[in-house]
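# Coordinate inspection notes
For reference, the chains in residue letters:
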Amino acid sequence: MANDPGAALRALHRPGDPFLLMNAWDVGSARLMAALGAQAIGTTSAGFAFTLGLPDGARITREQALEHAADLAAATPLPVSADLENGYGSAPEDAATAVSRAAEAGAVGGSIEDFHPEDGIYELGHARARIAAAVEAAAGTGFEFTLTARAENHIRGNPDLDDTIARLRAYEEAGADVLYAPGLASPEQIRTVCEAVSKPVNVLALPNLSLEQVFAAGAQRVSLGGSLAWVAVDGLVAAATAIRDHGDLSSLAVSNETNRLLG
């Protein structure tokens, strides 16, 4: 993987064994995930925003995201796919620039979403043009850059499966390598999407589903998004609350396995 991370990430998306994309929020979490056997690392805009003291949903700048992607790409030999949000601008050129700059930073994959925080979900024709521009930029990187196109309906208040499928098909036609509709909440929804397209599908992990269910429904990739970051934060809050309210220091005990990984 260290010699050609772009080819390694692309190979993981070929039909066959599905895989888990672990999303890191800093260098330390990326290295822990590598030590735990991760095959690839994804960035998480929400988790990274937390490290900057910003709330979930806050938009980080393109330069911040690129510096973060570069840090994670340098942290381990694993291929890194960058969460590029909407490309840090609504124009197709913005999506293209985000992909080109992410590749320069060391990422070998990246995702572009079809949502603007103020304007909402982009009109389909415009959203498709943005993916087409990102595809062209990916082709110009000089290596196998895996582009993921995201249809944001289900996490943006519009859980219209037919529209989601229409969007994913349009992004597939535009040349996206991977299709992603975060928020699919049941094996039936996942199966419907996977059967409607021919490109690999990424599914966002949700606590009501198991990996076995998601893979059986047809997903090639499962990503964790910001979930592991929030699990870590939840553990911090629980431990600090027990110490503050009850003087209970028992939560400070660290397992031997964690000590081994940190050692």
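See the structure above.
Residues numbered from 1 in each chain as written. Predicted model: local features only at pLDDT ≥ 70, side-chain atom pairs only at ≥ 80, totals over all residues. Heavy atoms only, no water.

## Section: the overall build of the chain
Operational definition: Only DSSP runs of H or I reaching four residues or more are called helices, and only runs of E reaching two or more are called strands; each is numbered from the N terminus. Put simply, the radius of gyration uses C-alpha atoms, and a globule should come to 2.2 Å times the residue count raised to 0.38. Burial classification: accessible surface area is computed with a 1.4 Å probe over protein chains only, and a residue below 20% of its type maximum counts as buried, one above 50% as exposed, and the rest as partly exposed. Residue contacts follow a heavy-atom distance rule, with two residues in contact if any of their heavy atoms lie within 4.5 Å. Accessible surface is estimated by sampling points in the Shrake-Rupley manner with a 1.4 Å probe; for residues, cover comes only from the protein chains shown. When charges are counted, Lys and Arg contribute as positive and Asp and Glu as negative, whereas His and the chain ends are disregarded. The location of each charge is read from NZ of Lys, CZ of Arg, CG of Asp or CD of Glu.
On a plain count of helices and strands, the chain comes out with 11 helices and 10 strands. Taken against the 2.2 N^0.38 rule, which gives 18 Å for 263 residues, the C-alpha radius of gyration of the chain at 18 Å falls within 12% of a compact globule. The C-alpha extent of the chain, read off along each of the three principal axes, is 60 × 40 × 40 Å. Taking all 263 residues of the chain together, 48% fall into the buried category. Considering only intrachain contacts with a sequence separation of at least 6, the fraction spanning at least 24 residues in the chain is 65%. As presented, the chain carries roughly 12,000 Å² of accessible surface, and 53% of it is formed by carbon and sulfur atoms. The averaged location of the 33 negative side-chain charges in the chain is 3 Å from the averaged location of its 17 positive side-chain charges.

## Quick look at the packing of aromatic side chains
Heads up, the rule is: Ring pairs are drawn from Phe, Tyr and Trp, using the six-membered ring of Trp, whenever the two centres fall within 6.5 Å, and their geometry is named by plane angle: stacked under 30 degrees, edge-to-face over 60, tilted for the rest. Definition used: whenever NZ (Lys) or CZ (Arg) falls within 6 Å of the ring centre and also within 35 degrees of the ring normal, the charge is taken to sit over that ring.
According to the stated counting rule, one finds 2 aromatic pairs in the structure shown. Ring plane angle 85 degrees and centroid distance 6.0 Å describe the contact between F50 and W230, whose orientation is recorded as edge-to-face. Placement of F50 in helix α3 (residues 45–51) and of W230 in helix α10 (residues 227–246) is noted, with a sequence separation of 180 residues between them. Over the face of the ring belonging to F115 we find R156, whose NZ or CZ atom lies 4.0 Å from the ring centre.

## Brief notes about the packing of helix α5 (residues 92–105) against helix α6 (residues 124–139)
Worth spelling out the cut-off: In this analysis, axes come from line fits to C-alpha atoms, helices being fitted only over the stretch in contact, and the angle between any two N-to-C directions falls in the range 0 to 180 degrees. Angle categories: roughly parallel below 35 degrees, roughly antiparallel above 145, roughly perpendicular from 65 to 115, and oblique for all the rest. Each crossing gets its handedness from the near helix: less than a right angle anticlockwise from the far helix is left-handed, clockwise is right-handed.
Relative to each other, α5 and α6 sit at 30 degrees, their axes nearing to 8 Å. Taken as axis vectors, α5 and α6 run roughly parallel relative to one another. The crossing of α5 and α6 is right-handed. Here P92, A95, A96, V99 and S100 of α5 come into contact with α6, specifically with H126, A129, R130, A133, A134, A137 and A138.

## Structural notes on unusual backbone geometry
Positive phi, close to 45 degrees, is recorded for E85, a residue that is not glycine. By the element assignment, E85 lies in the loop between β3 (80–83) and α5. Its identity is not glycine, yet Y88 carries a phi of approximately 65 degrees, on the positive side. On the secondary structure map, Y88 appears in the loop between β3 and α5.

## Examining the pattern of salt bridges
The cut-off we apply is this: Here a salt bridge means any side-chain nitrogen of Lys or Arg lying within 4 Å of a carboxyl oxygen belonging to Asp or Glu.
Per the counting criterion, the structure on display carries 13 salt bridges. R101 is the partner of E104 in a salt bridge, and the nearest nitrogen-oxygen pair spans 3.8 Å. One end of the pair, E104, and the other, R101, are both in helix α5, 3 residues apart, so they sit about a helical turn from each other. In this structure R101 comes out as partly exposed when scored by relative accessible area, which is 27%. Across the pair D163 and R167 runs a salt bridge, and its minimum N-O distance is 3.1 Å. In this pair, D163 and R167 are both assigned in helix α7 (residues 161–173), 4 residues apart and thus about one turn of the helix distant. Owing to a relative accessible area of 7%, R167 belongs among the buried residues under this scheme. Overlapping salt bridges, with partners in common, bring together R62, E63, R101 and E104 in one network.

## Focus: the nonpolar core
Note the following rule: Here, nonpolar core means buried Ala, Val, Leu, Ile, Met, Phe, Trp, Tyr and Cys residues that are tied together by side-chain atoms lying within 4.5 Å of each other.
Among the nonpolar cores identified, the biggest contains 50 residues, and L84, V99, I112, I131, L168, Y171 and I190 are the most heavily contacted of them. Going through the elements one at a time, α3, α4 (62–75), α5, α6, β7 (146–150), α7, α8 (187–196) and β9 (201–204) are the ones with two or more residues in this core. Excluding residues within four positions of it along the chain, I131 makes contact with I112, L147, A149, Y171, A174 and A176. By size, the runner-up hydrophobic cluster in this structure holds 12 residues, among which are A24, I41, L78 and L224.

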